[in-house]
Amino acid sequence: MDFLNAIVALSNFVLVPAIAYGSQLAIGALGVTLIYGILRFSNFAHGDTMAFGAMVVVLVTWLFQGWGISLGPLPTALLALPFGIAACALLVLGTDRVVYKFYRTQKAKPVILVIVSMGVMFIMNSVVRFIIGPNEQRFADGERFIITAREFKQMTGLREGLALKTTQGLTVVTAVIVVALLFWFLNRTRTGKSMRAYSDNEDLALLSGINPERVVMITWLIVAALATVAGTLYGLDKTFKPFTYFQLLLPIFASAIVGGLGSPLGAIAGGFVIAFSEVTITYAWKKVLVYLLPESLEPSSLVQLLSTDYKFAVSFAILVIVLLFKPTGLFKGKSV
């Protein structure tokens, strides 16, 4: 019985949150790795692109809630998601036309585009905070839990309860759908194959008649959709705060680099590696160990390796280790 309680406690505080968080990071990292693989630069504005798309979703959700429009047990944000994707697509396409296209035609080195993207990042961050404010904004509605800890205890008779939030279930299901659609698009459609060809060998792709500007446009549209979905899911699961998305840039980039920059499959794997690392290292293991150890060996402290305040330090440490010893990542992407 104690072993089952330990498993439930581990699932409740480590496995389920890490799977949901990993799904959010994986979708975000897919956007980063697509930009790097096809446009060949690290987009430091990706976190604030997520914030912008999520901000539009928040505003439209509030509008729908004011009109009394809802999805019942599901968050109204799902209805607002297409509007957020459309607005984010206009933003990134406009940014590419006004900013990045100039440097692309000049054949600027990737480091120049990285610096430019940092400028875009600060502008986007300021715009988002100016429109919606710097504070936390809550927009989740509908049923909060799929199953509550109390219901689980009553069903199983265990001391520990497993609580599954609706947003966690929604995150995992959405991530599976998004990843399946993306891989289908890249591997089965003519446009997706042209994007892969452009990523593998730009000169050969141009000789084959592939339109580079069309590839760039499609890439930005996909990135806008991924960024908005990832930003919205994170906001629903945690909370929406513009500066948080700026901080998320570190674990998202760590996910993309750990998996292998330019590798979509690597971005997914990297997202879960970073998520599980952050959650397990910052979790207080006393609650689980109490069930597993004899009473004489029960820990008196929290048995927490790092405070949750340092969870982004875990991402940074993993990022540094990977860059030092395996810069191509787990799936042998392009070296940084």
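As a reminder, the structure under discussion sits directly above these lines.
Residues numbered from 1 in each chain as written. Predicted model: local features only at pLDDT ≥ 70, side-chain atom pairs only at ≥ 80, totals over all residues. Heavy atoms only, no water.

Undergrad: Residues and numbers for the overall build of the protein chain, please.
TA: On a plain count of helices and strands, the protein chain comes out with 13 helices and 2 strands. For the protein chain, whose C-alpha radius of gyration is 21 Å, the value lies close to the compact-globule estimate of 20 Å for 336 residues. Taking the contacts inside the protein chain whose residues are at least 6 apart along the sequence as the reference set, 75% of them involve residues at least 24 apart. Entry remark: accessible area of the protein chain is about 16,200 Å², with carbon and sulfur atoms responsible for 66%. Taken as two groups, the 26 positive and 17 negative side-chain charges of the protein chain have centres that lie 8 Å from each other. (Helix = DSSP H or I, 4+ residues; strand = E, 2+ residues; numbered from the N terminus. Rg over C-alpha atoms; globule rule 2.2 N^0.38 Å. Contact = heavy atoms within 4.5 Å. Areas by Shrake-Rupley, 256 points an atom, 1.4 Å probe, with all protein chains shown as cover. Lys, Arg positive; Asp, Glu negative; His and termini not counted. Charge placed at Lys NZ, Arg CZ, Asp CG, Glu CD.)

Undergrad: Lay out the pattern of salt bridges with the relevant residues and their values.
TA: This model, assessed by the stated rule, comprises 8 salt bridges. A salt bridge links Arg 40 to Glu 202, with the nearest nitrogen and oxygen atoms 3.7 Å apart. On the criterion of sequence distance, the pair formed by Arg 40 in the loop between α1 (2–39) and α2 (46–67) and Glu 202 in helix α8 (residues 202–207) is long-range, its members being 162 residues apart. Classification of Glu 202 as partly exposed rests on a relative accessible area of 23%. With a closest N to O distance of 2.8 Å, Asp 96 and Arg 104 form a salt bridge. A relative accessible area of 7% places Asp 96 in the buried class. (Salt bridge = Lys/Arg side-chain N within 4 Å of Asp/Glu carboxyl O. Buried < 20%, exposed > 50% of the residue type's maximum accessible area, 1.4 Å probe, protein only.)

Undergrad: Describe in detail the side chain of Ser 42, supporting the description with residues and values.
TA: You can see Ser 42 is positioned in the loop between α1 and α2. Judged by its relative accessible area of 12%, Ser 42 falls in the buried class. Non-local contacts of Ser 42, meaning those with residues more than four positions away in its chain, are made with Tyr 36, Val 114, Ser 117 and Phe 253.

Undergrad: Please give an account of unusual backbone geometry that cites residues and values.
TA: The backbone of Arg 40 shows a phi angle near 65°, a positive value even though the residue is not glycine. Here Val 303, not a glycine, exhibits a phi torsion of approximately 55°, which is positive. What makes Val 303 partly exposed here is its relative accessible area of 29%.

Undergrad: How would you explain the packing of helix α6 (residues 166–188) against helix α11 (residues 264–282) if you had to name every residue and give the values?
TA: Look at α6 against α11: their axes get within 11 Å of each other, and the N-to-C directions meet at 160°. Relative to α11, the element α6 lies roughly antiparallel. Considering how the two elements wind past one another, α6 and α11 form a crossing that is left-handed. On α11, the residues that touch Val 179, Phe 183 and Leu 186 of α6 are Pro 264, Leu 265 and Ile 268. Broken down by class, the residue content of the contact of α6 with α11 amounts to 6 nonpolar, no polar and no charged. (Axes fitted to C-alpha atoms, helices over the stretch in contact; angles between N-to-C directions. Parallel < 35°, antiparallel > 145°, perpendicular 65-115°, else oblique. Left-handed = near helix turned anticlockwise from the far one by under 90°. Nonpolar A, V, L, I, M, F, W, Y, C, P; charged D, E, K, R; others polar.)

Undergrad: Now, about the nonpolar core: what can you tell me, with residues and values included?
TA: Membership of the largest hydrophobic core comes to 84 residues, with the highest contact counts inside it found for Trp 220 and Phe 240. Among the elements that line this core, the one with the most residues is helix α9 (residues 212–237), at 14 residues. Counting 8 residues, the second largest nonpolar core, distinct from the first, contains Ala 6, Ala 18, Tyr 283 and Val 288. (Core = buried A, V, L, I, M, F, W, Y, C linked by side-chain atoms within 4.5 Å.)

Undergrad: How would you summarise the packing of aromatic side chains if you had to cite specific residues and measurements?
TA: In total, this model carries 11 aromatic pairs according to the counting rule given. Ring geometry for Phe 13 and Tyr 283: centres 6.1 Å apart, planes at 15°, overall stacked. In this pair, Phe 13 sits in helix α1 while Tyr 283 sits in the loop between α11 and α12 (286–292), placing the two residues 270 residues apart along the sequence. The class for Tyr 283 is buried, based on a relative accessible area of 10%. (Phe/Tyr/Trp six-rings, centres within 6.5 Å; stacked < 30°, edge-to-face > 60°.)

Undergrad: Outline a nonpolar patch on the surface, supporting the account with residue identities and numerical values.
TA: Taken together, Phe 3, Leu 4, Ile 7, Leu 292, Leu 293 and Leu 297 make up a surface patch of nonpolar side chains, about 560 Å² in accessible area. A total of 3 residues in the nonpolar patch trace back to one element, the largest contributor, which is α1. Along the polypeptide, Leu 293 turns up in the loop between α12 and α13 (311–325). Residue classification places Leu 293 among the partly exposed residues on the basis of a relative accessible area of 33%. (Patch = residues over 30% accessible without salt bridge, like charges linked within 9 Å, V, L, I, M, F, W, Y side chains within 5 Å.)

Undergrad: Tell me about helix α3 (residues 77–105), residues and numbers included.
TA: At Arg 97, α3 shows its largest bend, some 45°. Those residues of α3 that fall on the buried side of the exposure criterion are Ala 77, Ala 80, Leu 81, Gly 84, Cys 88, Ala 89, Val 92, Thr 95, Asp 96 and Tyr 100. The elements touched by buried residues of α3 are α2, α4 (110–132) and α9. Following α3 by one or two positions, Lys 107 has its phi on the positive side, about 55°. (Bend = angle between axes of the 7 residues up to and from the residue.)

Undergrad: Explain the packing of α11 against α13 to me, and be specific about the residues and the numbers.
TA: At their nearest, the axes of α11 and α13 sit 9 Å apart, and the two run at 130° to each other. One way to sum up the angle between α11 and α13 is to call them oblique. As for how α11 packs across α13, the hand of that crossing is right-handed. Packed against α11, whose contacting residues are Ile 274, Ser 277, Glu 278, Ile 281 and Thr 282, the element α13 presents Lys 311, Phe 312, Val 314, Ser 315 and Ile 318 at the interface. Of the residues in the contact of α11 with α13, the class split is 5 nonpolar, 3 polar and 2 charged.

Coordinates in, geometry out; function isn't part of it.
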